[in-house]
Amino acid sequence: MNSEKNWAGNVRFGALRWERPGSLEELQALVVASDRIRAVGTRHSFSRVADTDGVAVSLERFTDIALSPDARTVTVGAGVRYGELGQFLHASGWALHNLASLPHINVVGAVSTATHGSGDGNGNLATAVVGLERINAQGEIETLTGESLSASVVALGLLGVVTSVTLQIEPTYEVAQDVYEGLGFETLLAHFDEITSCGYSVSLFTDWSERGTALWRKRREVLSPPKALFGATLADGPRHPLPGVDAESCTEQGGIFGPWHLRLPHFKLEFTPSHGDELQSEFFVPREQAREALSAIRALREKIQPLLLISELRTVAKDTLWLSPHFEQGSLAIHFTWKNNWGAVKTLLPEIEAALAPFDARPHRGKLFTQAPTHPKLPEFHVLCTQLDPDGKFSS
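These numbers come from a predicted model, not from an experiment.

Procedures and definitions
- Residues numbered from 1 in each chain as written.
- Predicted model: local features only at pLDDT ≥ 70, side-chain atom pairs only at ≥ 80, totals over all residues.
- Heavy atoms only, no water.
- Buried < 20%, exposed > 50% of the residue type's maximum accessible area, 1.4 Å probe, protein only.
- Helix = DSSP H or I, 4+ residues; strand = E, 2+ residues; numbered from the N terminus.
- Arc of directions from axis to C-beta.
- Contact = heavy atoms within 4.5 Å.
- Pairing = 2+ DSSP bridges.
- Axes fitted to C-alpha atoms, helices over the stretch in contact; angles between N-to-C directions.

Caption draft 1: Here's a closer look at helix H2 (residues 82-91). Buried within H2 we find Tyr82, Gly83, Leu85, Gly86 and Leu89. Down the axis of H2, the buried set is contained in an arc of 160°. They therefore lie on one face. Its buried side turned inward, H2 meets strand E4 (65-68), strand E5 (73-77), strand E6 (94-95), helix H3 (107-112) and strand E9 (161-168).

As C-alpha cells, then:
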C-alpha cells in the first residue's frame, strides 16, 4: 500500500507507484508509458491538487540552476526550493521580486498553484515566470515564452509535467522587518489602504478577537520605525505569528536589515515551517471589497475561533495569468491556519464560503475548500486541457 503523504499528513496519495527520474529522457519515457501521471513537488498542498490514481512523479533530482545575468533571468529545475534559490541568487548579486511565507516550498509547485507573497505592488510568484519547459502528453519537450505563458504557468500540472521555469530577477536588496501589536479591527477597516501600503510587504495576523491584530511590515526603505503605527505598538522582541509560540523559527525582526531571502519569508529554512501540525484554507476577494469581506468573516468569529490557530491577511497585485486567483483583479488574501481537525473544519468551510460568495471569492487550489471554484477563464482552460491532453493523462 502506498504510504506517501503530504506535508501536513492530511492527504495520503492514491498513486499506484512513485517514480523519481534523474533525466529528461527518463521522464519522457515515463510520460509516454503512463495512462495517468502527475508531478508532485514538496507536497505542501493541503488539497488533493497533485494526487493521482496513476503514477506520481517527483522531480526532486531536477536541481539545476542557470543564471543569465545579461537577460536578468534564472532558470531553475523542478526540484529547486525557494530557500536554495534565494541563497544562490543573493550570492550572485541577484534577487526575486517576492517570496512566500515559507522558503521550504519548491519553485515549480508554487508557481503552478499561484502561491504568493504580499505587497500592494507585488504579483504572485508566478508573475516572475518568463519561460517554461514541460513534457507534453506525447512525451515531447515544449518550451514556452511570451503570450503562451498566460494559460500555462498557473496550470495545476494539468497541461504537462513542468521540468523547469525561467524567472525574471533584479539586483539583490536588503529588507528590514518591523512587528506591531494591537491594531484595532475598526482601525484596520478605516485605514486599510494605508496599512497595506505602509511597507514593501505587509502581513496582518489575527484571531478575529478584540485583542487586536499584529502588523508585520517588511520594508526596503531605510528609516527609523515609529514606536506606534495606526495605533499599534512596536513589539519589544521577536514574535511568532502564533501568540505565545517561541519565535526562534522566524526570520529576523526588530528593524534589522538583511538579505531579501532571509526577511521576506516569515520562517527560516532550517526550521519546521509554521505550526507543523495544521490545516490551511485561503480565499481571495477583490481588494476594493476588502472591508466588506473582512466584516463578513468577523461576524463568524465565534464559530471560527475554536478551530483556528491564526489567520493571515495579505494583498496581492493583479495579473493576467489564466487560473491565477488574481487574474485581472488585485486581491485581499484571507488565510486560515486551522487546528488539525478536518471533520470540524469541513463543516465550517461552507459557512465561510457562503459569507464570501457575494465577493466572488476564489480559493487557493492547494488548500482546503468545499465548493467548486468559479473563475472567468475556467471554461477556456478546460477547452485547452482537452486540446492538449485529450486522453486525460494529466487530469487530477
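Caption draft 2: The environment of Ala317, seen in detail. With respect to the secondary-structure elements, Ala317 resides in the loop between strand E18 (308-316) and strand E19 (331-338). Among all residues touching Ala317, those that are not within four sequence positions of it are Gly119, Asp120, Gly121, Asn122, Gly123, His326 and Gly330.

Caption draft 3: Quick peek at the sheet that holds strand E2 (residues 37-40). Taken in spatial order, the 3 strands of this open sheet run E1-E3-E2, and their pairing is parallel. Two strands bound the open sheet, and with one partner strand each, they are strand E1 (17-19) and E2. Looking at each pair of strands side by side, their axes are set apart by 30° on average, direction ignored.

Caption draft 4: Molecular detail of the sheet that holds E5. Across the sheet, 5 strands lie side by side as E4-E5-E9-E7-E8; this open sheet has antiparallel pairing. Only two strands of the sheet have a single partner each, and these edge strands are E4 and strand E8 (141-145). Sheet twist, expressed as the average angle between the axes of neighbouring strands with direction ignored, equals 15°. As paired elements, strand E7 (residues 129-135) and E8 share 5 bridges and run antiparallel to each other. In the sheet register, Ile135 faces E8, and the bridge partner there is Ile141. Sitting on the sheet, helix H1 (residues 24-33) touches E7, E8 and E9, and the angle it makes with E7 is about 60°.

So far we have only geometry, and geometry alone does not tell us how the molecule works.
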